[in-house]
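Coordinates in review
Spelled out, the chains give:
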Amino acid sequence: MSDAIGPGDLVLCVNAAPNHVTGEPVPLIAGETYRVHFVMEFACPCGRSDALLDVGVGWAWCQSRFRLMPKPRFEAKPQRVSAPKEKEKVR
């Protein structure tokens, strides 16, 4: 799964449970999106994932806490605005 996630990707936090190694609360918020700064190809001690993600909160978190957000399919382009044509008055 780490091949799909890279630096700059948006991920959704789906698991803000306490740290599964120490039991301490985590600063992540379930339902919040985070931008990935760095992907560490290091297996998590829990055995659930093959990478740790640095999302700028704390140090690095198990990849199983996140889901990759879909990338936008297109960029919004400015639309042309048509102005009404002025008509000459005939008397």
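In this report, the structure presented in the accompanying data block is examined. Being a predicted model, the structure only gives us computed values, none of them experimental.

**Things to note about the overall build of the protein**
- The helix and strand tally for the protein stands at zero helices and six strands.
- Beginning at the N terminus, the succession of helices and strands in the protein can be written as β-β-β-β-β-β.
- What you see for the protein is a C-alpha radius of gyration of 23 Å, clearly larger than the 12 Å of a compact globule of 91 residues, by over 25%.
- With the principal axes as the frame, the protein shows a C-alpha extent of 90 × 25 × 15 Å.
- Counting the 91 residues in the protein, one finds 29% classified as buried.
- Carbon together with sulfur atoms contributes 55% to the accessible area of the protein, which is approximately 7400 Å² in total.

**Looking at the nonpolar core**
- Membership of the largest hydrophobic core comes to 13 residues, with the highest contact counts inside it found for Val11, Leu28, Tyr34, Leu53, Val55 and Phe66.
- Residues Met40, Cys44, Leu52 and Cys62 belong to the second largest nonpolar core, which totals five residues.

**Section: the sheet that holds strand 1 (residues 10-13)**
- Read from one edge to the other, the open sheet built from three strands follows the order 2-1-6, with strand pairing classed as antiparallel. Strands with a single pairing partner mark the edges of an open sheet, and in this sheet they are strand 2 (33-35) and strand 6 (66-68). Between one strand axis and the next, the sheet turns through 35° on average, direction left out of account.
- Inspection of the sheet shows strand 1 paired to strand 6 by three bridges, in the antiparallel sense. Bridge pairing in strand 6 links cysteine 13 to phenylalanine 66.

The rules behind these values
- Residues numbered from 1 in each chain as written.
- Predicted model: local features only at pLDDT ≥ 70, side-chain atom pairs only at ≥ 80, totals over all residues.
- Heavy atoms only, no water.
- Helix = DSSP H or I, 4+ residues; strand = E, 2+ residues; numbered from the N terminus.
- Rg over C-alpha atoms; globule rule 2.2 N^0.38 Å.
- Buried < 20%, exposed > 50% of the residue type's maximum accessible area, 1.4 Å probe, protein only.
- Areas by Shrake-Rupley, 256 points an atom, 1.4 Å probe, with all protein chains shown as cover.
- Core = buried A, V, L, I, M, F, W, Y, C linked by side-chain atoms within 4.5 Å.
- Pairing = 2+ DSSP bridges.
- Axes fitted to C-alpha atoms, helices over the stretch in contact; angles between N-to-C directions.

Just distances and angles here, no functional claims.
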